[in-house]
Amino acid sequence: MKTKYRILRLLSLFLIGIIVKCKNVENKKGEYNSDMKERELVESRGGVEIKKSDFGKTSDGKIVEKYSVSNASGLEMNVINYGGIITSLKIPDKNGKYEDVVLGLDNIKDYEDGSPYFGAIIGRYGNRIANAKFSLDGKDYKLDANNGPNSLHGGKKGFDKVIWNVEPNSGENEASLKLSYMSPDGEGGFPGNLQITVTYTLNSNNELYVNYEATTDEKTVINLTQHTYFNLTGDFSKKVLDHIVEINADSFLPVNKTLIPTGKLKPVAGTPFDFTEPKTISKGITQENSNEQLNIGGGFDHSWILNKENKEVAFAASAYEPESGRFMEVYTSEPAIQFYTGNFLDGSLPAKGGGEYEKRSGFCMETQHYPDSPNQENFPSTILKPGETYTSETSYKFSVK
Ligand code: GLA
């Protein structure tokens, strides 16, 4: 009896040993499985998921990570921590076909080498500040002049070119990426240590929210925006001219030869800038030669003053692409929107999936304060003081019709 018991005991110990060993192999496989390393699931709840993978390395050796956020209905957005860039956004057409509708580049080198702000977070100051200078309380600040005499989109190294800290989160019906960055005092010439967070939230209603927040330790100016170029056809070899656009604005800001607002508001009525009733982009742009403002911009590249009160979130603009049926609506708390029709794209940048980005292969709807506000007393203020919190919200709603 005793011997029988001993044999059984030895046998079971042996078996347990084998099971533990196998489990270890399995564990090791899981841990070191190359697929897992490349695309790691970091959040998953309900229908939403966030996956993380490597996108590449910057020229100064920093790892660039890519976050893939998807919702229950299948929308997928990719964001990299470099510039907070939305590198792709797949949404369905009226037949349920998912295609990428935002312009972007295939690798980090191309982004570093000269992206025209594709998909990026823009700061500290979206759009131009005349002659790259402004003064605050009698003190003059000299900024980077990176666009002729002017400062554009934060200067030489704006928020589109920095590495953001990313914190993924998932809620009941939404997934979000909270991006944060501390812009040191004097960066680009701007005063104050500025702490910024930008949160991208994709929900199950096919809405993308972009929420901005910032605080400073010294009086400064701020104007953040998002510079995604859309092409709702899902085919980057096509131009965006047939998109039907509506802009909820009765006036816009005419600009001088270097694209700085003259300071006067001009009613859109009777001009190609009237998008109060939806019309194709091409309908306005065909008047490029006869309209001085379109001629200066090489197309639309202006700030429309939205019909809204102060900081209330209101409908700003929409774009409808009839062939695919894709429809995008933009809502914002900002007072203006820069509608830009990809006028500077010139066929020199490689498109995702082949070909090149030609003039007007994308358009931007950049919600923001007016350009050059720090130098224009009549424009709504872009000043941020210590103790205050800058907040701004823009959402993009995708559907088909
Ligand atoms: C903004 C500006 C344009 C251009 C693009 C980026 O939309 O208004 O003039 O600089 O950014 O190329």
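No experiment lies behind these values; they were computed from the predicted model shown.

Rules behind the numbers
Residues numbered from 1 in each chain as written. Predicted model: local features only at pLDDT ≥ 70, side-chain atom pairs only at ≥ 80, totals over all residues. Heavy atoms only, no water. Helix = DSSP H or I, 4+ residues; strand = E, 2+ residues; numbered from the N terminus. Buried < 20%, exposed > 50% of the residue type's maximum accessible area, 1.4 Å probe, protein only. Contact = heavy atoms within 4.5 Å. Pairing = 2+ DSSP bridges. pLDDT = per-residue confidence, 0-100. Polar contact = N/O pair within 3.5 Å; in protein donor to acceptor, adjacent residues only side chain to side chain. Salt bridge = Lys/Arg side-chain N within 4 Å of Asp/Glu carboxyl O.

Here we come to the overall build of the protein chain. Secondary structure assignment for the protein chain yields five helices and 31 strands. For the protein chain, the spread of C-alpha atoms along the three principal axes comes to 105 × 50 × 40 Å. The buried share of the protein chain, taken over its 401 residues, is 53%. Sequence separation of 24 or more characterises 64% of the internal contacts of the protein chain that already satisfy a separation of 6 or more.

Burial along strand 9 (residues 133-136) is one-sided: F134 and L136 are buried, and none of K133 and S135, which face the opposite way, are. Summarising the sheet, strand 9 and strand 10 (residues 139-142) pair through four bridges and their orientation is antiparallel. Bridged to K133 within strand 10 is K142.

What follows concerns the confidence of the model for the protein chain. Predicted confidence across the protein chain gives a mean pLDDT of 91, with 91% of residues reaching 70 or more. No element of the protein chain has a lower mean pLDDT than helix 2 (residues 34-38), which averages 43, and none a higher one than strand 18 (residues 229-230), which averages 99. Throughout residues 16-37 the model reports pLDDT below 50, and contacts reaching past four residues in sequence, or to other chains, amount to two contacts.

Relative to the helices and strands, Q226 resides in strand 17 (residues 225-226). Within polar-contact distance, the side chain of Q226 engages the side chain of Y200 at 2.9 Å. In this view, Q226 contacts G84, I86, G119, A120, I121, Y200, V210, Y212, E366 and Y396; residues no more than four positions away in its chain are not counted.

Turning our attention to the pattern of salt bridges. Taken as a whole, this structure holds 13 salt bridges when the rule is applied. Here E99 ties to R326 by a salt bridge, and the two come within 3.0 Å at their closest N and O atoms. Here E99 is found in strand 6 (residues 98-100), whereas its partner R326 is found in strand 25 (residues 326-332), with 227 residues between them in sequence. You can call R326 buried: its relative accessible area is 0%. As a salt-bridge pair, K161 and D160 come within 2.7 Å of each other at their nearest N and O atoms. Each of the salt bridges in this network shares a partner with another, and the network as a whole consists of K97, E99 and R326.

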